[in-house]
Amino acid sequence: MARPDIVDIMRSLEPQVRQGEVVFAIGDGLPPEVEVLASVREPEGLSVVMSRAEADARGISYDFVGAWITLSVDSALDLVGLTAAVSGALANASIPCNVIAGLRHDHLVVPVHRADDALTILRRLAAQPRRR
């Protein structure tokens, strides 16, 4: 079976917002029971994404409050152009976008107050005709 190309992927982005707000926080020293939604180890330490509600309840500090948008289409890690198209469209609207690539889906964290704008742009992007 043929693998979907960027044109097919773009047509079926299906962006969906995860319920609740998320924050980025320093993960080093967090209690093991804290639910971490995503993480990356950097030379400076562990960065985590977690729910704002949990961070607030545990007194964990953060600066950025975001909305988590999942592109529900199955994407491949070696697909060329998806991240550039999505982040470029959001950048053109002055919407910051932090991309988290999962094995099956790409996830975007945008400022919570721009989530509706981001969804509109992503849906418009998916509806655009593409040249092959």
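Structural data are supplied above this passage.
Looking at the pairing of strand S4 (residues 45–51)
Here comes step 1: With 5 of 7 residues buried, S4 lies mostly within the body of the structure.
Here comes step 2: In this structure, strand S2 (residues 22–26) lies alongside S4, joined through 5 bridges in antiparallel fashion. Bridge pairing in S4 places Ile26 opposite Ser47.
Here comes step 3: Inspection of the sheet shows strand S3 (residues 38–42) paired to S4 by 5 bridges, in the antiparallel sense. Counted as the bridge partner of Arg41 is Leu46 from S4.
Here comes step 4: Between S3 and S4, which follow one another and run antiparallel, lie 2 residues.

Points about helix H4 (residues 115–127)
Here comes step 1: With 13 residues, H4 should cover 18 Å at 1.5 Å per step; its first-to-last C-alpha distance of 18 Å lies within 8% of that length.
Here comes step 2: Of the residues making up H4, those classed as buried are Ala115, Ala118, Leu119, Ile121, Leu122, Leu125 and Ala126. The arc that holds every buried residue of H4, seen down its axis, measures 165°, which confines them to one face. Across from the buried face of H4, at angles greater than 90 degrees, the exposed residues are Asp116, Arg124 and Ala127.

What about empty space enclosed by the protein?
Here the idea is plain: a probe the size of a water molecule rolls over the atoms and shows the empty space left.
Here comes step 1: Evaluation of the coordinates by the stated rule reveals 1 cavity of 30 Å³ or more.
Here comes step 2: Taken as a whole, the largest cavity spans an internal volume of roughly 40 Å³.
Here comes step 3: If you trace the largest cavity, you find it lined by Leu71, Leu82, Thr83, Val86, Ser87, Val99, Asp106 and Leu108.
Here comes step 4: Elements with a minimum of two residues in the lining of the largest cavity: helix H3 (82–92) and strand S7 (106–111).
Here comes step 5: Top contributing element to the lining of the largest cavity by residue count: H3, with 4 residues.
Here comes step 6: Split into classes, the residues belonging to the lining of the largest cavity amount to 5 nonpolar, 2 polar and 1 charged.

Here we look at the packing of H3 against H4
Here comes step 1: It is at 10 Å that the axes of H3 and H4 come closest, and there the two elements cross at 130°. Classified by the angle their axes make, H3 and H4 are oblique. The handedness of the crossing between H3 and H4 is right-handed. Between H3, through Ala85, Val86, Ala89 and Leu90, and H4, the contact on the second element is made entirely by Ala118, Ile121, Leu122 and Leu125.
Here comes step 2: Per-class residue counts for the contact of H3 with H4 are 8 nonpolar, no polar and no charged.

Side note on the pattern of salt bridges
Here comes step 1: The full count for this structure, using the stated rule, is 6 salt bridges.
Here comes step 2: A salt bridge links Asp28 to Arg41, with the shortest nitrogen-to-oxygen separation between them at 3.1 Å. With a gap of 13 residues between them, Asp28 in the loop between S2 and S3 and Arg41 in strand S3 connect regions that are remote in the sequence.
Here comes step 3: One salt bridge in this structure joins Asp117 and Arg114, with 2.8 Å as the shortest N-O distance.
Here comes step 4: A residue is classified by how much of its surface remains accessible, and Asp117, at 35% relative accessible area, is partly exposed.
Here comes step 5: Among the ionic contacts, a cluster of salt bridges with common partners joins Glu21, Arg52 and Asp56.

Calculation notes
Residues numbered from 1 in each chain as written. Predicted model: local features only at pLDDT ≥ 70, side-chain atom pairs only at ≥ 80, totals over all residues. Heavy atoms only, no water. Buried < 20%, exposed > 50% of the residue type's maximum accessible area, 1.4 Å probe, protein only. Helix = DSSP H or I, 4+ residues; strand = E, 2+ residues; numbered from the N terminus. Pairing = 2+ DSSP bridges. Expected span 1.5 Å × (residues − 1). Arc of directions from axis to C-beta. 1 Å grid on protein atoms, 1.4 Å probe; cavity = no way out; pocket = protein on both sides within 12 Å on 5 of 7 lines; lining within 4 Å. Points joined across faces, edges and corners; volume = space filled by probe spheres on them. Nonpolar A, V, L, I, M, F, W, Y, C, P; charged D, E, K, R; others polar. Axes fitted to C-alpha atoms, helices over the stretch in contact; angles between N-to-C directions. Parallel < 35°, antiparallel > 145°, perpendicular 65-115°, else oblique. Left-handed = near helix turned anticlockwise from the far one by under 90°. Contact = heavy atoms within 4.5 Å. Salt bridge = Lys/Arg side-chain N within 4 Å of Asp/Glu carboxyl O.

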